[in-house]
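Listed below, chain by chain, are the residues.
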Amino acid sequence: MEESPSFFVEDGYVRAWELEPADMTDHGDDELSSRTGSPDKEGRVPEERSLLHQSLAVRELIDTEVSYLHVLQLCASDIRSHLQQLPQGDLDVLFSNIDDIIKVNSKLLHDLQETAAREEEQVQLIGNLFLEFQEELEQVYKVYCASYEQALLLVEAYRMEPRLQREIQDTIEAVLPQAGSSGLSFLLVIPLQRITKYPLLLQKILENTLPDASAYPVLQRATSALQDVVTNINEYKRRKEVASKYTKVEHLSLRERLARINVHTLSKKTTRLGQLLKQEAGLVPKTEDKEFDDLEESFHWVSLCVTELKNNVAAYLDNLEAFLRFRPQEYDLDIPGGPVVQYCYLARDLQLQAFPEFKQRLEALVWQPLCSLAKALAGPQNLIKKRLDKLLDFERVEEKLLEVGSMTYEEEAARHMYEALNSLLVAELPQFKQLAVRWLGQILCTFVTLQRDLAKQVLQRAEGSLAQLPHHHISDPAFRKLVEDALGQTSHQLHAFQENFEKVLPPPTTQPLLPGAEHQVQALLSRYGPGKLYQVTSNISGSGTLDLTLPRGHVVALLQDKDTKGNSSRWLVDTGGHRGYVPAGKLELYHMVPREEELRGQARPHRDSQRQTPEPTLASVPSVPAVTQVVAVYPFVARSSHEVSLQAGQQNLEIEAPQNSSCSRKTDRWGEFGEFAAAIGSSSLGCNLGLT
């Protein structure tokens, strides 16, 4: 087991120093005295003494590396495998990336041992070796150190369960007795001890290397590089602490948010707002960071893409759910035999197996990963927002520093907080964006693959039914041409029908007048004429000062078809007693019903024209079904014995439209009776679609 260096851990950060081992010094002095015959009384270290201490320092480096790697392998193999009673998530936190550390340190140890074969150049080779491994050591150890504090929290939680703590302790003592009562804490701190000891070991070798030796500058660079590694690891851990503090997405109610407001919070927010207003007014310069602005913009576009895709997939799933609820094969299509039976069988098979399986895979492989990606983006988005707040604090502190030349401890902490947060975003936001884009691309590829698999599965299941299609023998290009021609022909028919349908104007609808409204209508008619009279189609409730409140059926006279602001949706009308505005959409032209005596020729002159006196009457309820004269526009082929066939242009048809029926009864001049689908009929009232 290696000799432990003097070290301490403060707030999760590793601090270390090294005292000269007494046993190593004494051993070197005794060995040197036996060679020279007398100790150096003047205290100067001769060249042989330096070389001896250098050799001992190199031996300590290699021997302690062997012991350290052995302990790591015991942790990764024996101890971790015997702690399976712990959840896998806990094991991942406790042992973190210990496998990566073992891999890097195994390569380092192998190369260190190979330097022993070249004793004269060994020191220089060791220096070059650590310069070569600098980046790898930093990458693996900073990940472990960043999760160290979370691992300690788990250790504290295990101590609250005596039975579990006893099991863990027995397992560790059986594999590694020197761990003692410290248990897990002893194991967890070993990698932190080792990474901080590398600069000390290299420093010891450097101190015992002559300044004029060729290996001296190499060892200097290696020692400085390993010190930078330790510094970078601590800085990385500090950034991670900042990230974990501000990436938490809290869903607080208004009451909880108000409870967090205090004098300090109000002071900070007020100061930031003042700083922002001064920047917007141009009173103080605004810090420009082109590098971060570009990163933020690119990350923003990735976030928008993820959000848009999530909304589209959600709508797709809703439509798929609605599609699965629609099951036409369960209804009686009234089409006997043939392809219909095969269609119902195929539709039922797809409805019960293919489509539900596709929906399940879509939710598991596309929707859930997409939601996880959107959730993962929330943390960096919060960091970007928090950076703006910290930037305002930083700018205010910089202004004060220029004016006064000093700052308080809190202001210095705010300054360092911004620098750490900005460095974290600049360093890791590009990597996170790259991972998010890759993640998003995989989701899109998965979605395309699922669609392709569904199409393939549907074609396989429908293979037997395709042979019954009337055009299954023609090629794909010919079939596409056939479909395009059929769609074009149908489109042309619909267009022609639309033109014919627009020529058939609906009859004027007459609503019953309100009781006692005849005199009011007569007065409006005599004053404004029939072309200005309109009837209210639904109740109007006025909301403004000049708006009128009118019941359905009330007759008014139009004064102006827009209001004073030019709004054509509000008309100025006269009710015969009041004037005001009403919605234009709730008015329709009033159609007078002439009285019977007026039809016999009784009329009165008005402005050299004949005007009929309105006689509004209540709509009468017919005692017999209404019969309408129609003409067939499209042909209709009877599908059963109770239906009759029609030819396009057949005239003198009379239809009777029963209430709540999708079919109409028809009689023609030959006395035939039958039913035809009302969906293809159109009367002079414009209520059906195939007759006129």
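As a starting point, this report considers the structure included with it. (Residues numbered from 1 in each chain as written. Predicted model: local features only at pLDDT ≥ 70, side-chain atom pairs only at ≥ 80, totals over all residues. Heavy atoms only, no water.)

### Some thoughts on the sheet that holds strand S7 (residues 587–589)
The antiparallel open sheet is built from 5 strands, whose spatial order is S6-S5-S4-S3-S7. Single-partner strands in this sheet number two, and they are strand S6 (579–583) and S7. Recorded for the sheet is a direction-independent mean angle of 50 degrees between the axes of neighbouring strands. Across 3 bridges, the pairing between strand S3 (residues 533–536) and strand S4 (residues 555–560) is antiparallel. From the neighbouring strand, Tyr 534 faces S4, where its bridge partner is Val 556. (Pairing = 2+ DSSP bridges. Helix = DSSP H or I, 4+ residues; strand = E, 2+ residues; numbered from the N terminus. Axes fitted to C-alpha atoms, helices over the stretch in contact; angles between N-to-C directions.)

### Overview of the packing of helix H2 (residues 47–81) against helix H4 (residues 98–114)
A pair of packed helices is captured by two measures, namely the crossing angle of their axes and the spacing between those axes. Orientation of H2 relative to H4, taken along the N-to-C sense of each, is 150 degrees, at an axis distance of 10 Å. Between H2 and H4, the crossing angle belongs to the class labelled roughly antiparallel. You can see that H2 and H4 cross each other, and the crossing is left-handed. Each of Leu 61, Ile 62, Glu 65, Val 66, Tyr 68, Leu 69, Leu 72, Gln 73, Cys 75, Ala 76 and Arg 80 in H2 lies in contact with H4, whose residues at this interface are Ile 98, Asp 99, Ile 101, Ile 102, Asn 105, Ser 106, Leu 108, Leu 109, Leu 112 and Gln 113. In the contact of H2 with H4, the residues fall into 14 nonpolar, 4 polar and 3 charged. (Parallel < 35°, antiparallel > 145°, perpendicular 65-115°, else oblique. Left-handed = near helix turned anticlockwise from the far one by under 90°. Contact = heavy atoms within 4.5 Å. Nonpolar A, V, L, I, M, F, W, Y, C, P; charged D, E, K, R; others polar.)

### Focus: a nonpolar patch on the surface
Residues Phe 479, Leu 482, Val 483 and Leu 487 make up a contiguous nonpolar surface patch of roughly 330 Å² in combined accessible area. Summarising the element assignment, Val 483 is placed in helix H16 (residues 476–503). Val 483 gets classed as partly exposed once you look at its relative accessible area, which sits at 34%. (Patch = residues over 30% accessible without salt bridge, like charges linked within 9 Å, V, L, I, M, F, W, Y side chains within 5 Å. Areas by Shrake-Rupley, 256 points an atom, 1.4 Å probe, with all protein chains shown as cover. Salt bridge = Lys/Arg side-chain N within 4 Å of Asp/Glu carboxyl O. Buried < 20%, exposed > 50% of the residue type's maximum accessible area, 1.4 Å probe, protein only.)

### Notes on a negative patch on the surface
Side chains of Glu 288, Asp 293, Glu 296 and Glu 297 sit close together on the surface and give a patch of like negative charge. Tracing the backbone shows Glu 288 in the loop between helix H11 (263–280) and helix H12 (290–325). When its relative accessible area of 63% is taken as the criterion, Glu 288 is described as exposed. (Lys, Arg positive; Asp, Glu negative; His and termini not counted. Charge placed at Lys NZ, Arg CZ, Asp CG, Glu CD.)

### Thoughts on the packing of aromatic side chains
Tallied over the full model, the rule gives 7 aromatic pairs. The interplanar angle of 80 degrees and the centroid separation of 5.5 Å between the aromatic rings of Tyr 316 and Phe 447 together place this pair among those described as edge-to-face. In this pair, Tyr 316 sits in helix H12 while Phe 447 sits in helix H14 (residues 409–461), placing the two residues 131 residues apart along the sequence. Given the relative accessible area of 28%, Tyr 316 is considered partly exposed. In this arrangement the basic side chain of Arg 387 is found over the ring face of Phe 292, its NZ or CZ atom lying 3.6 Å from the centre. (Phe/Tyr/Trp six-rings, centres within 6.5 Å; stacked < 30°, edge-to-face > 60°. Lys NZ or Arg CZ within 6 Å of the ring centre and 35° of its normal.)

### Quick look at the pairing of strand S5 (residues 570–574)
Most of S5 is tucked away: 4 of the 5 residues are buried. Looking at chain direction, S4 and S5 are connected through 3 bridges and run antiparallel. Of the residues in S5, the one forming a bridge with Gln 560 is Leu 572. Of the pairings in the sheet, the one linking S5 to S6 comprises 5 bridges and is antiparallel in character. Across the sheet, Leu 572 pairs through a bridge with Tyr 581, a residue of S6. Where S5 folds back onto S6 in an antiparallel hairpin, the turn is made up of 4 residues, including Gly 576, whose phi is positive at roughly 100 degrees.

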